[in-house]
Structures are given as structure tokens and as C-alpha cells.
Amino acid sequence: MRVAVTLLFACSLAVFGSSALAQPPAGTPDGGPGATPAAKDTSGVLPRWMDGAVEVGVGWMASPQSVKDRYSAGMDIAVELQALAAPALRFGAKAEYHDTPSNNDGFVATSNGIVGFDTFGDGKMFDLVGTVSVRPWRQLWLEGSAGYGHFDSGFGDVSFIDGVTGESYAPPGKIGWGPVAGAGARYEFQPNRRDRMYVGAGWRRMERDDVTLQYGLIRVGYRFR
């Protein structure tokens, strides 16, 4: 009898103890009176409805041929902020820098002979554009952009004087501002659960007073919040 009472008492203590452990302590966020609110997630830099991206790649002058001949492919970088309007729609603003190193094989022909371009500086293009991105299929995104930019040919205000005719020849696509339009496509992926990356290709068009510049690019991007 004494053994039975002892076992019953031990079982009662076990049940009571497990019930007590199952109850949340006072002041914990269980939704009841006196609960402590859950801490706000501050791990991200940007609001939940926004994200940013850094892009690095290579770009090249595509046309016109008279400008393309002066440059070789160079570094291409961009920084972007996007608003997540919908699961398949994003609006953003992007700042871009396109480097076009001087091509030692570039030249211009005049009636007086061949004039080399290798002694001049590299070309540089800056632009700030607004973007609209849509996702038509899985992780494939299509992007359109429009804005304004500045192109520096590396020539300054130099002009070539034809020794036969005496006429001045100014290389097309010199320093100046102009409207920019662009398009591109990218494929997004996650190499792990935390990081978000993408690869993409694009095209830019800048309208200058004396020439229309077209530029191609390939980039790798990293998204962050």
C-alpha cells in the first residue's frame, strides 16, 4: 500500500511539473495580458518593400563605328534601389558608370594622313536612370530604363587640322550631356539561402548633339536589404 501511494505521488509530481514547464513565463510574448511585444526585426538596412543591388561587369562601345574604333571594352558598374510594387513588378533608380579605355589601334583618316588616338585619355560615361522591371517567367526579369547622362570622350576640346585643306576636324562624340534610354534582361538565383544574385545583359543609347552613342554591357549583380 505504501509503495502504491508513493508511486501515485511521484506520478502526480511529474504531471504537475510538465504542465508548469509547458506554460510560458510571465511577461513572455504569448499574446496574453502583460505580454512583452515581439522585438522589431532590424537586421535589414532598407525597408521591407525595398531592396538594393550592386552590379559589376564589362561594357563596350557598340556604335557608331567612328567612335567604337577609339575604345576597347572596359569596366562597368552600377548601384540601384528598387521598390517592390508587386511580386513580378519593380520600380527603381540606378546610377551607372561605363569605362571605355583608349584603344591604341584607333585612328581617324584625313586627306593629310593618319592621326592616332593612343595619346588621348579614356572615355567615360555616367548616367542616372529610372527603371521598370517585370518578371514574365520564373526568375527571368526584363528591364527598361530612361534618364540622363554625361559622356567624356577623353579628347577634351581638341580638333585636328587638315594640312591640305586647312579645315578643322572634330572627332564625333566629345564631352557633353544627353538623354539616355536602355533595355536589358537578367536571371536571378540564390547560391545559398541568404544571398541573392543575378547575371544580365543590357544596352544603352545616348543622344548627343553630333552623334548617337550605343553601348553594350554584361554584369553580375548582388541584391541586399
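Structure: see above.
Within any chain, residue numbers begin from 1 and follow the written order of that chain's sequence. For this predicted model, a pLDDT threshold of at least 70 governs which residues receive local features, and a threshold of 80 or more governs which side-chain atom pairs are given and counted, while totals over whole chains, interfaces and linings are taken from all residues. As a convention, hydrogens and water are excluded, and side-chain values are obtained from all of the structure's heavy atoms.

**Some thoughts on unusual backbone geometry**
For residues other than glycine, phi is negative in most cases, and the peptide bonds are mostly trans.
Thinking step 1. Backbone torsion omega between Ser 63 and Pro 64 reads 0°, so that peptide bond is classified as cis.
Thinking step 2. Its location among the elements puts Pro 64 in the loop between strand E1 (50-63) and helix H2 (65-68).
Thinking step 3. The backbone phi angle of Arg 138 is positive, close to 45°, even though this residue is not glycine.
Thinking step 4. Strands here mean DSSP runs of E at least two residues long; helices mean DSSP runs of H or I at least four residues long; both are numbered from the N terminus. The topology assignment puts Arg 138 in the loop between strand E6 (123-137) and strand E7 (140-152).
Thinking step 5. Buried means the residue's accessible area, taken with a 1.4 Å probe over protein chains only, is under 20% of the maximum for its type, while exposed means over 50%, and partly exposed covers the values in between. Its relative accessible area of 61% is what places Arg 138 among the exposed residues.

**Looking at empty space enclosed by the protein**
By rolling a water-sized probe across the atoms, one finds the places where empty space is left.
Thinking step 1. Both cavities and pockets are sets of points on a 1 Å grid over the protein atoms alone; in a cavity a 1.4 Å probe fits but cannot get out, in a pocket the set is open with protein on both sides within 12 Å along at least five of seven lines, and lining residues sit with an atom within 4 Å of a point. Grid points are joined across faces, edges and corners, and a volume is the space filled by probe spheres set on the points. For the coordinates displayed, the defined rule picks out one cavity of 30 Å³ or more.
Thinking step 2. There is about 130 Å³ of room inside the largest cavity.
Thinking step 3. Glu 55, Lys 94, Glu 143, Ala 185 and Ala 201 are, among the 13 residues lining the largest cavity, the residues nearest its centre.
Thinking step 4. No other element matches strand E11 (residues 196-207), which puts five residues into the lining of the largest cavity.
Thinking step 5. Split into classes, the residues belonging to the lining of the largest cavity amount to four nonpolar, three polar and six charged. In this count, Pro and Cys sit with the nonpolar residues alongside Ala, Val, Leu, Ile, Met, Phe, Trp and Tyr, while Asp, Glu, Lys and Arg are called charged and the others, Gly among them, polar.

Function cannot be read off these values alone, since they describe shape.
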